[in-house]
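An overview of the molecular structure
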Amino acid sequence: TVAQDMGILLESPAIGDFTYRQALGDLVADLDNRLDVELVDCWLAQVLITLPSTAGSGEALAAVESFLASPAGLAYQWTSKFSGAERLQAVRCRAFVWQPSDVERRAEQAQQLRALGRASATSAII
């Protein structure tokens, strides 16, 4: 097996929607629970999970901006794209995956991982 850095693209994340925030947390947990996933690095999920269920878009955006301006968030600034001053357009998260060296098993693994993203209410592209 070979360790690979796998990208997770979150387009137009609905950060003000509690259902979206739950779905993102569930997706990260589903990936974390896989034996072939070593680590999931999704700062957006970590930030959004701290918000109350009643938080709207403004509060969520303030939390995201605050994190990205913090020393811990500086390394993640390149992984986020804003459209204008008030909208998070996209975020890139990462997972470190143990990929089989066998081509067929690797293709099956890729299909399973992509299916997780498609099945998620986040519409994540894995």
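Here the structure is shown first, and the text comes after it.
Residues numbered from 1 in each chain as written. Predicted model: local features only at pLDDT ≥ 70, side-chain atom pairs only at ≥ 80, totals over all residues. Heavy atoms only, no water.

1. Let's talk about helix α3 (residues 57–69)
Helical periodicity: at 3.6 residues per turn, an α-helix aligns residues three or four positions apart in one direction. The terminal C-alpha atoms of α3, which comprises 13 residues, lie 18 Å apart, in line with the 18 Å expected from a rise of 1.5 Å per residue. Listed in full, the buried residues belonging to α3 are A60, L61, V64, F67 and L68. Along the axis of α3, the buried positions cluster into a sector of 125 degrees, meaning they face one direction only. Exposed and facing more than 90 degrees away from the buried side of α3 are G58 and A69. (Helix = DSSP H or I, 4+ residues; strand = E, 2+ residues; numbered from the N terminus. Expected span 1.5 Å × (residues − 1). Buried < 20%, exposed > 50% of the residue type's maximum accessible area, 1.4 Å probe, protein only. Arc of directions from axis to C-beta.)

2. Brief notes about the side chain of D36
The topology assignment puts D36 in the loop between α1 (18–32) and β2 (37–41). Its relative accessible area of 17% is what places D36 among the buried residues. Side-chain polar atoms of D36 contact the side chain of R34, separated by 2.7 Å. Only 2.7 Å separates the side chain of D36 from the side chain of Q109, close enough to count as a polar contact. Not counting residues up to four positions away in its chain, the partners in contact with D36 are F96, V97, W98 and Q109. (Polar contact = N/O pair within 3.5 Å; in protein donor to acceptor, adjacent residues only side chain to side chain. Contact = heavy atoms within 4.5 Å.)

3. As for empty space enclosed by the protein
As enumerated under the stated definition, the model contains one cavity of 30 Å³ or more in all. By volume, the largest cavity amounts to about 30 Å³. In terms of lining, the largest cavity is formed by I8, L24, L27, V28, L31, V40, C42 and C93. A total of four residues in the lining of the largest cavity trace back to one element, the largest contributor, which is α1. (1 Å grid on protein atoms, 1.4 Å probe; cavity = no way out; pocket = protein on both sides within 12 Å on 5 of 7 lines; lining within 4 Å. Points joined across faces, edges and corners; volume = space filled by probe spheres on them.)

4. A few points about the pattern of salt bridges
Counting across every chain of the model gives two salt bridges. In this structure, D5 engages R94 in a salt bridge whose closest nitrogen and oxygen atoms are separated by 3.2 Å. In this pair, D5 is assigned in strand β1 (residues 2–11) and R94 in strand β4 (residues 88–99), connecting sequence segments 89 residues apart. In this structure R94 comes out as partly exposed when scored by relative accessible area, which is 23%. Between R34 and D36 there is a salt bridge; the shortest N-O distance is 2.7 Å. Here R34 and D36 have matching classes, each one buried. (Salt bridge = Lys/Arg side-chain N within 4 Å of Asp/Glu carboxyl O.)

5. Section: the state of the cysteines
With the rule as written, the count across this model stands at one disulfide. With a sulfur-sulfur separation of 2.2 Å, C42 is cross-linked through a disulfide to C93. Around the S-S axis, the bridge from C42 to C93 shows a dihedral of about 40 degrees and counts as right-handed. Of the two residues, C42 sits in the loop between β2 and α2 (43–48) while C93 sits in strand β4, which places them 51 residues apart along the sequence. In this pair, the class of C42 matches that of C93, namely buried. (Disulfide = S-S within 2.5 Å.)

6. As for the packing of aromatic side chains
Counted according to the given criterion, the structure contains two aromatic pairs. Taking the centre distance of 5.4 Å and the plane angle of 15 degrees together, the rings of W43 and F67 count as stacked. Taken as a pair, W43 in helix α2 and F67 in helix α3 lie far apart in primary sequence, 24 residues in all. Seen from their ring centres, F67 and Y76 are 6.0 Å apart, and the 40 degrees between their planes marks the pair as tilted. Each residue in the set W43, F67 and Y76 is aromatic and connected to the rest through ring pairs, giving one cluster. (Phe/Tyr/Trp six-rings, centres within 6.5 Å; stacked < 30°, edge-to-face > 60°.)

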